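Each chain is listed here by its residues.
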Amino acid sequence: MFDFYRVAAAVPEVKPGDVNYNVKKIIEKLEEAYEYGPAVIAFPELSVTGYTCQDLFFQETLLKAAKVGIGEILASTYGRDEVVIVGAPITFSGRLYNGAFVMLKGKLLGISIKTFIPNHNEFYEKRWFSSAASLDITQISFSELGIPSNAEYDYEIPVGNNILYDIENVFKLGVEICEDLWAPISPSTVLSLGGAELIVNISASNETIAKREYRKQLVKQQSASNLSEYLYVSAGATESTQDLIFSGHSMFAENGALINENHDFIARDYILIADMDLGKIRHERIVSTSFNDAKDLLRDRISEITTVKVTDTEVKGSDGEYLIVPKKPFIPSSKIKRVKRCREIFDMQVGGLVKRLEITGSKPVVGVSGGMDSTLTLLVCAKALKALDRDPKDLVAITMPAFGTSDRTFNNSLELIKALGTEPLIIDIKDACTQHLKDIGHDINVKDVTYENTQARERTQVLMDYANKIGGLVVGTGDLSELALGWCTYNGDQMSMYGVNGSIPKTLVRWMIDSVIENDVFPEASSVLKDILDTPISPELLPPDKDGNITQKTEDSVGPYELHDFFIFYSLRYGYGPSKIYYLAKKAFKDDYSDEEIKKWLTMYFKRLFSQQFKRSCMPDGVKVGSVSMSPRGDLRMPSDASNALWMEEIESL
């Protein structure tokens, strides 16, 4: 199912030292977790005995019971295709180790051993446990372990901190334990470079003030730097509270993003479910040269990895039920984050333009239509002049009414320009366009693409020539969505001397303007900005109706921008094909569009993405502000004559 796999963090009740009780609870939790259809189920560190047993770990009775308990859990997995990971103490060569027992279908695949043994502040684990670095073996036979079993054959089991579990044709898994995550170089770093796509950390992390947030940042950062999925499961509040409290803080991160976590600050008995999208991880690793360079630097460590190949299983894929698929992936969901993000982007736009104006000494020249894109550009220009401590009248704002201009947009243009402290320059281009159509022998009553583009190109000509006249710099208004669809006139609004909106999608432009209002950047312009946000998106190239209302609405022709921005994000950010994007879009927009509508606009998107590349191949300079850009000098180096046949075939098969 498109590289979707489900993981489960299972936190059972424990009684420190009561192995029989703990094993019973673990098996109960396994049965409960199976109902969710996970590929991996992980339990906390030392969950078989309880993490807080202290000197009881030296008791032969406890250690023998732990082996019996592992045998019971192992037997319960017989015939199951889920990877199960449980924590328990284990002895090798007269030393005690903290182990993660990885099992599948009644077989012990390996024992991953904790490397970093904390012995500071409230931790004194070196009193009991040795580090994986002290191991003098790399494998042991099942019979030597002394785990009771009904297995009819003996087999070798790898032991150490460098075991890679390769579930063939599914995914590769690495395991580390608690403090390993907090170390400068963790086992998961080497395992990830060696191919592990999912890291599971079984932990027993006590709670103190502010530790939860710090722990969360560690998990997110580890998944980001390792370009991996990261499942973290921690012991709950039923551990001993003699000196510490354990909160059961479990979470799942994907390439730096927190996908799910338990939200009870002190938790004791639960299952946390998440769906991972391995397509993101695999794409990131292909494109990240730094990740692959790191492999070369650590090749000696990587060569020491022991790979356990698992071929005789059918680990389940997921239907993505627990995937988080936002409708607007470019826009933060909370208002606080959204306003902050938009302000940061605005500052980047301004910073880029300030540098260009400093170098050229020019006056910014903007064509103002009364629509959102030109409004955002105008705001950026006004703020850039403020940053340079220049006269706001240096902003040259030209509005050019033509055949399709409505009174509403025209008046909003004038009001906005004045609110920003400069005077509008009105150049009516109707006569010029009429003359041009006459010159090329085009009937003005035929309102086709020639009729429309004549107006767009005339506006660009006016802007360019006027800029030459005053020593100005034409600042472009086109956004990322228009560039992706090629919904711009070649050598018309496609062209400028510098573009400030080129990596901002249409759905974000609206919130960029909203954040200017929220942040009170130009308080005198707030009223007109609100009306501009309420104006339908339109190129205004066809005449208004008899009441002066806009008749030409862009989304009627090209499709909903919220869909196209969704397509842009997943096709360009993660390289997903049409079938996976279609699946995700159906999930995200199930209450908004029919499957047929989504397929229709997806078809248009991929057709235009390929056919309109020639417009992007010569797009003007402009700073990249987000994770997706279409600059031919950076993010999208694509042949203008590339074939879309494979993508169209895939769409036809949907």
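Described below are features of the structure shown in this document. In this text the structure is predicted, and so the values were computed from the model without any measurement. (Residues numbered from 1 in each chain as written. Predicted model: local features only at pLDDT ≥ 70, side-chain atom pairs only at ≥ 80, totals over all residues. Heavy atoms only, no water.)

1. Observations concerning the packing of helix H12 (residues 430–439) against helix H13 (residues 449–470)
Here is step 1 of the chain: Where H12 meets H13, the closest approach of the two axes is 10 Å, and the angle between their N-to-C directions is 130 degrees. Looking at the two axes, H12 sits oblique to H13. For the pair H12 and H13, the sense of crossing is right-handed. Listed contacts from H13 to Ala432, Cys433, His436 and Leu437 of H12 are Thr450, Tyr451, Thr454, Gln455 and Glu458.
Here is step 2 of the chain: For the contact of H12 with H13, the residue count by class is four nonpolar, four polar and one charged. (Axes fitted to C-alpha atoms, helices over the stretch in contact; angles between N-to-C directions. Helix = DSSP H or I, 4+ residues; strand = E, 2+ residues; numbered from the N terminus. Parallel < 35°, antiparallel > 145°, perpendicular 65-115°, else oblique. Left-handed = near helix turned anticlockwise from the far one by under 90°. Contact = heavy atoms within 4.5 Å. Nonpolar A, V, L, I, M, F, W, Y, C, P; charged D, E, K, R; others polar.)

2. Observations regarding the packing of aromatic side chains
Aromatic ring pairs: the centre-centre distance and the angle between the two ring planes describe each pair.
Here is step 1 of the chain: What the rule picks out here adds up to 28 aromatic pairs.
Here is step 2 of the chain: Taken together, the aromatic side chains of Phe330, Phe566, Phe569, Tyr570, Tyr574, Tyr576, Phe589 and Tyr593 make up a single cluster linked through ring pairs.
Here is step 3 of the chain: In this arrangement the basic side chain of Lys15 is found over the ring face of Tyr21, its NZ or CZ atom lying 4.3 Å from the centre.
Here is step 4 of the chain: The ring of Tyr155 carries the charged tip of Lys107 above its face, separated from the ring centre by 5.1 Å. (Phe/Tyr/Trp six-rings, centres within 6.5 Å; stacked < 30°, edge-to-face > 60°. Lys NZ or Arg CZ within 6 Å of the ring centre and 35° of its normal.)

3. Some details on empty space enclosed by the protein
Here is step 1 of the chain: One pass over the structure, following the stated rule, counts two cavities of 30 Å³ or more.
Here is step 2 of the chain: By volume, the largest cavity is sized at about 230 Å³.
Here is step 3 of the chain: Lining the largest cavity we find 24 residues, and of these Gly478, Leu483, Gly502, Met619 and Pro620 sit closest to its centre.
Here is step 4 of the chain: Residue classes in the lining of the largest cavity are distributed as six nonpolar, 12 polar and six charged.
Here is step 5 of the chain: In this structure, the second largest cavity encloses a volume near 40 Å³.
Here is step 6 of the chain: Tallied by class, the residues present in the lining of the second largest cavity amount to five nonpolar, two polar and two charged. (1 Å grid on protein atoms, 1.4 Å probe; cavity = no way out; pocket = protein on both sides within 12 Å on 5 of 7 lines; lining within 4 Å. Points joined across faces, edges and corners; volume = space filled by probe spheres on them.)

4. Focus: the layout of surface pockets
Here is step 1 of the chain: Approximately 1400 Å³ is the volume found for the largest pocket.
Here is step 2 of the chain: Residue lining of the largest pocket: 43 residues in total, with Ala257, Pro326, Pro329, Arg341 and Phe569 positioned closest to the centre.
Here is step 3 of the chain: Among the secondary structure elements, those contributing two or more residues to the lining of the largest pocket are helix H5 (211–225), strand S13 (257–261), strand S14 (270–277), helix H9 (335–360) and helix H18 (561–573).
Here is step 4 of the chain: It is H9 that contributes the most residues to the lining of the largest pocket, six residues altogether.
Here is step 5 of the chain: Its residues placed into classes, the lining of the largest pocket shows 23 nonpolar, nine polar and 11 charged.

5. Details of the packing of helix H10 (residues 372–387) against helix H16 (residues 526–533)
Here is step 1 of the chain: Viewed as axis vectors pointing N to C, H10 and H16 meet at an angle of 150 degrees, and their least axial separation amounts to 10 Å. With respect to each other, H10 and H16 are oriented roughly antiparallel. Between H10 and H16 the crossing geometry is left-handed. Along the contact surface, H10 presents Met372, Thr375 and Leu379, while H16 presents Leu529, Ile532 and Leu533.
Here is step 2 of the chain: In terms of residue class, the contact of H10 with H16 is made up of five nonpolar, one polar and no charged.

6. Brief notes about the nonpolar core
Here is step 1 of the chain: If you look at the biggest cluster of nonpolar residues, it comprises 83 residues, and the most contacted ones within it are Phe346, Leu353, Leu378, Phe566, Phe567, Tyr570 and Phe606.
Here is step 2 of the chain: Looking at which element gives the most residues to this core, the answer is H10, with nine residues.
Here is step 3 of the chain: Within the second largest apolar cluster, 51 residues are counted, among which are Tyr34, Val48, Phe101 and Leu145. (Core = buried A, V, L, I, M, F, W, Y, C linked by side-chain atoms within 4.5 Å. Buried < 20%, exposed > 50% of the residue type's maximum accessible area, 1.4 Å probe, protein only.)

7. Some thoughts on the sheet that holds strand S11 (residues 229–234)
Pairing between the strands of a sheet comes from backbone hydrogen bonds, and it takes one of two forms, parallel or antiparallel.
Here is step 1 of the chain: The sheet built from seven strands is open, its strands ordered S13-S12-S11-S10-S9-S8-S15 with mixed pairing. The outermost strands of the open sheet, each flanked by one partner alone, are S13 and strand S15 (306–310). Across the sheet, the mean angle from the axis of one strand to that of its neighbour is 20 degrees, orientation sign disregarded.
Here is step 2 of the chain: Here five bridges tie strand S9 (residues 171–177) to strand S10 (residues 198–203), and the two strands are oriented parallel to one another. (Pairing = 2+ DSSP bridges.)

8. Some thoughts on the pairing of strand S3 (residues 83–92)
Here is step 1 of the chain: Most of S3 is tucked away, with nine of its 10 residues classed as buried.
Here is step 2 of the chain: The pairing of strand S2 (residues 40–42) with S3 spans three bridges and is parallel. Within S3, the residue paired with Ile41 across the bridge is Val84.
Here is step 3 of the chain: In the sheet, S3 pairs with strand S4 (residues 95–104) via nine bridges, with the strands oriented antiparallel. The residue of S4 that forms the bridge with Ala88 is Gly99.
Here is step 4 of the chain: What sits between S3 and S4 in their antiparallel hairpin is a turn of two residues, with Ser93 showing a positive phi close to 50 degrees.

Function cannot be read off these values alone, since they describe shape.
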